[in-house]
Structure formats: structure tokens, C-alpha cells
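# Overview (structure and organization)
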There are 2 protein chains.
Amino acid sequence: MTTKRTVQSHYDIFIKDCRILQSGEDGYFLATGSIGIGNGRLLSIRAEAHGATITADRVIEGDGFIAMPGLVNCHTHGAMTLFRGLADDLPLMTWLEKYIFPAEAQFVSEEMVYWCTKLAAAEMLLAGTTTVADAYFYMDAATRAYQESGMRAVLGHGIVDFPAPGVPDPSKNIDTVARFIDGFPDSSRLQPAVFAHSPYTCSAETLARARQLARDKQVPFFIHLAETKMEQTLIGAGDMSPVAYLDSLGILDSGVIAVHCVWVSAADMDILAHRGCRVVTCPESNMKLASGVAPVAAMLARKIDVGLGTDGCASNNDLDLFGEMDSCAKLAKVHALQPELLPSKDVLNMATSMGASCLGLTDIGALQEGMRADLILVHCRSPRLTPFFSPDLLVYGARGADVDTVIVDGKLVVEQGVVLTMDVKEIMGKVRTMAGKIRESHGK
Amino acid sequence: MTTKRTVQSHYDIFIKDCRILQSGEDGYFLATGSIGIGNGRLLSIRAEAHGATITADRVIEGDGFIAMPGLVNCHTHGAMTLFRGLADDLPLMTWLEKYIFPAEAQFVSEEMVYWCTKLAAAEMLLAGTTTVADAYFYMDAATRAYQESGMRAVLGHGIVDFPAPGVPDPSKNIDTVARFIDGFPDSSRLQPAVFAHSPYTCSAETLARARQLARDKQVPFFIHLAETKMEQTLIGAGDMSPVAYLDSLGILDSGVIAVHCVWVSAADMDILAHRGCRVVTCPESNMKLASGVAPVAAMLARKIDVGLGTDGCASNNDLDLFGEMDSCAKLAKVHALQPELLPSKDVLNMATSMGASCLGLTDIGALQEGMRADLILVHCRSPRLTPFFSPDLLVYGARGADVDTVIVDGKLVVEQGVVLTMDVKEIMGKVRTMAGKIRESHGK
């Protein structure tokens, strides 16, 4: 928040007199001011009143709204919206082997990924998420979906050592991803990544080749790591933990984004910190699948960047990062029986600025002049957000449904709770038709 | 769901062609049909198409909606909406002694309880909660608030052994509640109750007298019980657990509704089951205050009726029972590392039919002909509820904001997300003014 005047007085979008989430030494606070947006960036964030010299293509009245950075969902499988609520309350292996893997084998196609990723994008945008790291297959289709949605996205193409959607021959898994990266469209919002599924679905050789591919192409490397207690047994590396195992393969460095990290010892966390790895926690998925509780506060204490993710819809069952913040903070507290653990300011940081760092994105995640203009307006004149004493309520009270307006890369993509970039009714219709086929085949 | 025709063909409200939540042997399912409401009751729930013989004062098109019983919030402190987000992330005793108790001493008044309870009622109605058990002070004012709101409510007047809001002289605590019950208005929706705060804020004598008062007046008896690990030390009854202590005083029987029951041993649960006590669990409050995880599945296995509560806004920080269902199911799973534990059907039951039983209300909580007409319409044509494979998604996906229409006792109280019974803007304005005074006194 500055009070100086810039020379520019015409904006693409000008948000008048809202409350603006800012961070200071003691955490977050709300300042009152106006926001000028142009050329995809936050050009002006000012506290003082503006006179008639300001013009804008579009003026938004900010009264009753809190402007905050768009949320950053550091891990999901967008297309799995199709499997939302297909099978709940089941042991992990029954869930995977009886429902999810067969459904993926039968129903995942390029068309499915395109439409179901668009549904995910619509759901996320409506809930105030402006950036996502999506990890799945048929990622060309997912890229088109996010391109059209207006969202910012990091798209990790999956690698496993068994036949996968779009990659029937596992010996082609690395080449497929190399081609995906080479053919990636030029975009200010989108970038490709490598997603090696896990240490138990990829051999040591595959992991090493996948890591090398990401290094060669200079893209982020995502991997599910230490999600369940049984993973150590599954990888078959003796006494080595999954983290120690990856480290022994030379996989771990600052380009690695390790997702879950539930079953990590102090020694594992020291390795992750020492190697400069980033971590993503997905508390609601870990709760629903009963995977366990990630030691988020202990990782933050080691200065590891920890982002927040929803994981896929099949294990959550929504993509609301506001709800995820709430669950993350509360789960840490009850697990440790320490109410002061993982305060809301830490979780808000994880879902915004630190989440962006986690994905290697340095110019989003905070409302500061010069940064890319990814921001949302939260409607706070509702009973559930009254009174509003502090930004803590963005974690413990606000939900995706409270988001009114969403701007990504300086462009308005959601206005008064309506997606402007896509035909949401058409998307829902397409997905419902696909779901109907699953229902027939499952007799549900 | 029946297919017979009744003689009545004119209804107060007729909901056409919606999906209707019904329960069968294997849990819940969705049937398609129409609902006729008259004289405050569900007169007709039918699967077949209706001809021109049906007339109604009000016809609601049900396409795109799921009709389900209104949710039952078995424990809150409604007026504490004023303290929503006043102080978060603090150890329990700091939170209580530095923030909540001083704020209550300074800011709780009859007027505060009236307006802040109205705010709670508005928030709950908008989120699909049609029945609440509210436990606080100045309950005459709360009764007026709920009377005007159109909600169904059980109103427990508080009893503690220190000066409390509206009861400056603790020696008058029992008499005050007796007068509250004697003066309670005649109402089909409202009933009074006794709320003895806890075994550590009421002496053995006070507990016994409070219990006797509830027996004499034939009203429910609520008490916070075994909420925190330290409670056993606080009550000073040696080796006796809080449950065993209350049992030794002759307090426990089927008229008792014990709230929290986090720190209960197998022996404690056996006592609660044997005495026929009902239990209320408040998982989000227990998470946020780091109280612990209540053994809900173990209590259900003992055939104890367990209801679901949000607790007050100061420790949650919302009154959304949909979110509470989700948290309840997920917390049980991750705590036990068992994903099949506490399936969504159990939690849906706790928030509806079993919750109603918990409060001694036998004619609400399910959509069956002859029951009181407390029902809600959930809008399920949104991205976040697409696809919709089964009622499980009402737990793992739906949130209060998805509720479109609310009917209580046969009367429309929320329509298209707008409260019809109260001026919500006026209420929010009043509460904001009160919050401004707290802010001034706290320098927040």
C-alpha cells in the first residue's frame, strides 16, 4: 500500500474503495483503498481518495468487498471432477482398485479430460482460485481447457509404469511427456510440468529419467510422496523412507514439489529442507482417505515452502480452497492438541504467496503494485461473515461461495458469481452425460 | 414414499417434481416425486405424476433441486455471533479469560442477545438448518428472536455458579431458569430447556438442583461434558471421570443431552448408553480449540443417539451444519486411520433424524407423510455439485450456500436464498454497530 501517485491515470479495470488484504510484520490486515489494473498487472494500490483524473474501461464499486490475492491450488487432478462422489467411505485400495482405476481405464479420454477439466476450472474460479497445479493425463486437452477458462495453470503430465490414459504403452511414458512439453503453447498464464505419479508406481529408473526430463526442459517436477503409512513397504527399499529413497536416487532438489508428505520423520523433513524441496499438503483428501495428518507446522518451522492443495474431486469432494484452509488450520490444532498451532495467517500465506512460491511463480500471490493482477473480491456483507473483526475470518468463515468477482492476469473472468469465459451450463451438461454412462455401468 | 392418493388435493405449498431424500435399508437414496404441504405437515410425498386435480396456494418448481429434511443443529450459543472471529488461534484459557469472558461481561445484554441471536437464526436458515438447540443467557430475548425468525428451537437457559449475563447473583441461577420456563410462550416450534454449563462451573449441589428443575418442568437438560482433557482435574472428584462424577450425583438419565463427550473412556460410554443419555458432538469447535476428537463411531456402536452441533461462532467460526457434517466424517476417519469409519449416511442421520431424536423431537428429521414440514431445497445444478452420483455428496460436497429454499413448520422462511421472516440488513447493521464498540475497546 503506497500513497504516491503514478503517472498512469487510465486503467483497464479500477476497483473503487474496497478493503484490501495486505500483509505486515504481524500478519495480515485490511486497508481501505482502490486498485488500478492495466496490462495484466496491479498498477496502483492506493489508500487516498481519487478525484476525477482516474478513468478506466471498467469501474467496479468495491463497497462491501474484500480484495485479496486469488488463491493458489497447488495440487489437483482436474478431470477427476467426473468421479466426484462416485465412491466414498472406502478403504484406499478398495477405492482405487474397485472404483477409481477401472473408471479411469474405461472413461478417461481426451474429450473427457477437456470437459471435466473445464468443469474443474469453473468450480475453482467460482470459489476464488486463480492458479492451479493440475496433474493428470491427456494434458494437451487439459491445457486447452485452462487456456479457454482464463485461469493460471501449471500442467503436470503424468508418468507411471503401467498403461495409463493416453499412454497405453508405459515404455513411451517419458517420450509422451517430452512431446507434451515441446508442443506446449506460448502463454503468459500456462506452463508445463512433469508429474511422476509416485515412488511406488514408477521404478527407480523411471523416476530418474522423469527427473532428468524436467531438468532438461527446465520445468517443475511434481511427485506424490509419503502419502500413506504403507508407502514405505510398497516401494520395497528396505529401511529407507520414501523421502530417503528419492534422495538416494538423486531426485530431490529445489525443482521438486513433493505432494502430501504425511508420513515424514524429522530426518525426512531435514532432507526436504536441505534439498530445498517444496511441499504441498492436501488435508481434506488425507482426512477422507484416512491417510494421516501431515506435520505442516514442523515443515514450516524448517523454512520449507508448503502450499495447499485440494487433491482431486474423487477424494475431497470439492475444489474449494477456502474450505481447505479452514480444514488445514483446524486439523493441525486438534491433531497436536495445540490451538495456537498453524494460525490462520500461516494458512492464508500457504494458500496465496507461499503457494505461488511453491509453484515457482514470483509475481502473484499478494496485492502489491507491479505484480500480475490475479485477485478476487469476497462479498462480506452476509450473515455468515458478520461481524468481520480480522482477516482470520477469511480462513475460519469465508467459503468459495462468498466470492463475487475474479480477475486473472488483469482480465475479469467471474463477475457477480458468473463465469464469463466459459458456458458453464454446456460443461455441466457434457459431464452429466458422461456421469450417466458411469452410472449405467455401475448400476448406480 | 407412497403411491396412494390421499383425499386432500389442495395444499398450502406444493413442490413439483424434485428429487427427494429418502432412507432405506442400505442408507439414503434419491427418489423423484412431488411434495404436498398443509397445516404445517407433509401431507403427500408421491412418486407418480400429478394431474390437474392438485391445487396449492404456492407451487414451487422442484426441477434441479434435492428436497431433504431441514438440518438439526443440536448445540450452539446463538448470540455469540457477535464474537465471531474476535480471537482465534489461542490456547483455550487465554481465549476464554482474556477475550470471551471479558467480552461477555461487558457486551452481553438483553438487546445484544436479541439481535445477535437473530443474526444466528438468519445464518442458520440460509444454510438449511431448520431446528436449533441454543444454550445461552437472556433466553427470553433469544426466544423472541427465534419466534420471529420462523425457526424451530429448543432454548436452554444457562446456569453457572458465578455472575453471568442477566444473572448477576449466582444464588438466583435456578430461580431465574424456573421463571424462564414458567413464562415460556405457547408455540408449536419453540420449547424451553435447562442448560447447566458444565461440571466445572456448577457445584454438585447446583447440578443436582438444575437436574431436578428440568425433571419437575419436564424439559430437556443440556450440559457441556468431557470437552477437554483437563476437565477431570477441574472438577476435583479424584479418580472419577466427568461422566462417572455426574452419574454419582444421579444426574444422568434419558433426559440428559451431554455436549462434546470428547474425553470419554469405554466405561464412560457404557454409562452414557446404560443411562440412555443423548450426546452432541461439535467437531469443528473441538478442532479449532484443540479439545480433541470425540469417539463418535464408538458411541453410535453403543446405540447412543449422537446429534451434531456447530457450537458457538466464536469457536467455529460459522453455523453451517453442512460443513460440520463433512468435518465430522473426515475427522473420524483420519483420527482412526480408517476411511470406512463414520460413513456419510451416519453423519447425514446425525444431522437430521437422529439429531431430532437427540432433542426429543419425533416428528421432524425425515421426509415422511404426517411429519411436520421442515424441509429444504438444495440447488444441485452448480459445478461444485456436478456430477451428483449419490446422497453422499450432501455430506462431502454440499454447503449451506447451496440451499435455495427453506420451509419450517409448513411455512416458507427462505426463498431463493433470501430470508422472508426478518430484515437481515437491519440485523447485520445492529450487530456491526455492537462489534464496532468491541473493536474500540480492544483496539482492533
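Just so it is clear, the model here is predicted, and its values are computed rather than measured. (Residues numbered from 1 in each chain as written. Chains lettered and ligands numbered in written order. Predicted model: local features only at pLDDT ≥ 70, side-chain atom pairs only at ≥ 80, totals over all residues. Heavy atoms only, no water.)

## Overview of the overall build of chain A
Of regular secondary structure, chain A possesses 15 helices and 17 strands. The C-alpha radius of gyration computed for chain A amounts to 21 Å, which stays within 12% of the reference 22 Å derived for 444 residues, consistent with globular compactness. Taking the principal axes of the C-alpha coordinates as reference, chain A spans close to 70 × 45 × 45 Å. In chain A, which comprises 444 residues, the share counted as buried stands at 64%. A sequence separation of at least 24 residues applies to 73% of the contacts in chain A between residues at least 6 apart. Carbon and sulfur atoms make up 50% of the accessible area of chain A, which amounts to about 15000 Å² in all. (Helix = DSSP H or I, 4+ residues; strand = E, 2+ residues; numbered from the N terminus. Rg over C-alpha atoms; globule rule 2.2 N^0.38 Å. Buried < 20%, exposed > 50% of the residue type's maximum accessible area, 1.4 Å probe, protein only. Contact = heavy atoms within 4.5 Å. Areas by Shrake-Rupley, 256 points an atom, 1.4 Å probe, with all protein chains shown as cover.)

## Concerning the sheet that holds strand β7 (residues 129-136) of chain A
All names here are of chain A. Strand order in the open sheet made by the eight strands is β6-β7-β8-β9-β10-β11-β12-β13, with parallel pairing throughout. The sheet is open, and its two borders are formed by β6 (71-76) and β13 (306-308), each paired with just one other strand. Averaged over neighbouring strand pairs, the angle between their axes works out to 25° when direction is ignored. Sheet topology note: the strand β10 (residues 221-225)/strand β11 (residues 256-260) ladder contains five bridges and is parallel. Looking at β11, one finds that His224 is bridged to Val259. (Pairing = 2+ DSSP bridges. Axes fitted to C-alpha atoms, helices over the stretch in contact; angles between N-to-C directions.)

## Considerations on the domain arrangement of chain A
Residues and elements named next belong to chain A. Parsing chain A into structural domains produces domain 1 (10-69 + 364-419) and domain 2 (71-358). Of note, the centres of domain 1 and domain 2, computed from C-alpha atoms alone, are 29 Å apart. Counting residues at the interface gives 30 residues for domain 1, matched by 32 residues for domain 2. Interface area for domain 1 against domain 2, summed over the two sides, is near 2400 Å², with a carbon-plus-sulfur share of 66%. If you sort the residues of domain 1 by the area they bury against domain 2, Tyr28, Val395 and Tyr396 come out on top, with a joint share of 25%. Taken together, domain 1 and domain 2 are joined by three salt bridges. The salt bridge involving Arg152 is made with Asp374; its shortest N-O contact spans 2.7 Å. Broken down by secondary-structure element, the contributors of at least two residues to the side of domain 1 that touches domain 2 are β2 (27-38), β5 (65-69), β14 (375-379), α14 (392-396), β15 (403-408), β16 (411-415) and β17 (418-419). Looking at the side of domain 1 that touches domain 2 residue by residue, the class counts come to 20 nonpolar, four polar and six charged. (Domains from an automatic or database assignment. Buried area = accessible area lost by both parts, 1.4 Å probe. Salt bridge = Lys/Arg side-chain N within 4 Å of Asp/Glu carboxyl O. Nonpolar A, V, L, I, M, F, W, Y, C, P; charged D, E, K, R; others polar.)

## Here's the deal with helix α4 (residues 173-182) of chain B
Residue and element names in this part refer to chain B. Where burial is concerned, most of α4 is hidden: seven out of the 10 residues are buried. What α4 keeps buried is the set Asn173, Ile174, Thr176, Val177, Ala178, Phe180 and Ile181. Contacts made by the buried residues of α4 are with α3 (139-149), β8 (152-159), β9 (190-196) and α5 (204-217).

## Concerning helix α1 (residues 92-107) of chain A
Residues and elements named next belong to chain A. Ile100 marks the point of greatest bend in α1, at about 30°, and the proline Pro102 comes within the next four residues. Those residues of α1 lying buried are Leu92, Trp95, Leu96, Tyr99, Ile100, Ala103, Glu104 and Phe107. In the core, the buried residues of α1 are packed alongside α2 (110-126), β7 and α15 (424-442). (Bend = angle between axes of the 7 residues up to and from the residue.)

## Notes on the relation of the copies chain A and chain B
The two copies are related by a screw motion: chain A maps onto chain B through a turn of 180° and a shift of 0.0 Å along the axis, at an RMSD of 0.0 Å. Expressed as an axis order, the relation between the two copies is that of a two-fold axis. Every residue of chain A has its C-alpha some distance from the rotation axis, and the shortest such distance is that of Ala401(A), at 3.2 Å. An overlap of 100% is found between the interface residues of chain A and their copies at the interface of chain B, pointing to a shared contact surface. (Least-squares fit on C-alpha atoms with pLDDT ≥ 70 in both.)

## Some points on the nonpolar core
Residue and element names in this part refer to chain B. Ranked by internal contacts, the top residues of the largest apolar core, which has 124 residues, are Leu82, Phe83 and Val194. Ranked by the residues each element gives to this core, the list is headed by helix α2 (residues 110-126), at 11 residues. Counting contributing residues, this core receives three or more from each of domain 1 (10-69 + 364-419) and domain 2 (71-358). Once residues within four sequence positions are removed from consideration, Val194 is found in contact with Gly156, His157, Ile159, Val177, Ile181, Ala210, Leu213, Ala214, Val219, Pro220, Phe221 and Phe222. (Core = buried A, V, L, I, M, F, W, Y, C linked by side-chain atoms within 4.5 Å.)

## Quick notes on empty space enclosed by the protein
Applying the stated criterion across every chain, the model contains six cavities of 30 Å³ or more. In this structure, the largest cavity encloses a volume near 150 Å³. Around the largest cavity, the lining comprises 16 residues; the ones closest to its centre are Gly323(A), Asp326(A), Arg399(A), Gly323(B) and Arg399(B). The leading source of residues in the lining of the largest cavity is helix α11 (residues 321-336) of chain A, at four residues. In this structure, the second largest cavity is lined by Thr281(A), Pro283(A), Asn286(A), Val293(A), Ala294(A), Val296(A), Cys328(A), Leu331(A), Ala332(A) and Leu342(A). Here the lining of the second largest cavity gets three residues from one element, more than from any other, and that element is α11(A). Its residues placed into classes, the lining of the second largest cavity shows eight nonpolar, two polar and no charged. (1 Å grid on protein atoms, 1.4 Å probe; cavity = no way out; pocket = protein on both sides within 12 Å on 5 of 7 lines; lining within 4 Å. Points joined across faces, edges and corners; volume = space filled by probe spheres on them.)

## Considering the layout of surface pockets
Quantified by volume, the largest pocket comes out at close to 1400 Å³. Lining the largest pocket are 47 residues, with Ala401(A), Asp402(A), Ala401(B), Asp402(B) and Val403(B) positioned closest to its centre. Mapped onto the lining of the largest pocket, the elements with two or more residues apiece are α2, β15, β17 and α15 of chain A together with α2, β15 (403-408), β17 (418-419) and α15 (424-442) of chain B. Looking at the lining of the largest pocket, its residues break down into 21 nonpolar, 10 polar and 16 charged.

## Some remarks on the pairing of β14(A)
All names here are of chain A. With respect to burial, β14 is a largely interior element, four of its five residues being buried. In this sheet, β14 lies alongside β5 in antiparallel orientation, the contact comprising five bridges. Along β14, the bridge assignment pairs Met68 with Ile376. Pairing of β14 with β15 involves four bridges; the strand directions are antiparallel.

## Focus: the interface of chain A and chain B
Contacts between chain A and chain B engage 64 residues on the former and 64 residues on the latter. Here chain A meets chain B over a buried area of about 5000 Å², counting both sides, of which 64% is carbon and sulfur. Applying the counting rule to chain A against chain B returns six salt bridges. Of the charged contacts, one joins Lys333(B) and Asp89(A) as a salt bridge, the two residues approaching to 2.8 Å between their closest N and O atoms. Linking chain A with chain B are 20 residue pairs in polar contact (both at pLDDT 80 or more), by the criterion used here. Among the secondary structure elements, those contributing two or more residues to the side of chain A that touches chain B are α2, α9 (283-288), α11, α14 and α15 of chain A. The biggest single contributor to the side of chain A that touches chain B is α15(A), with seven residues. (Polar contact = N/O pair within 3.5 Å; in protein donor to acceptor, adjacent residues only side chain to side chain.)

## Focus: the pattern of salt bridges
For the structure shown, the criterion picks out 42 salt bridges over all chains. Glu284(B) serves as the salt-bridge partner of Lys330(A), at 3.2 Å between the closest nitrogen and oxygen. Of the two residues, Lys330(A) is situated in helix α11 and Glu284(B) in helix α9 (residues 283-288); the pairing between them involves two chains. Comparing Lys330(A) with Glu284(B) shows no difference in burial state: the two are buried.

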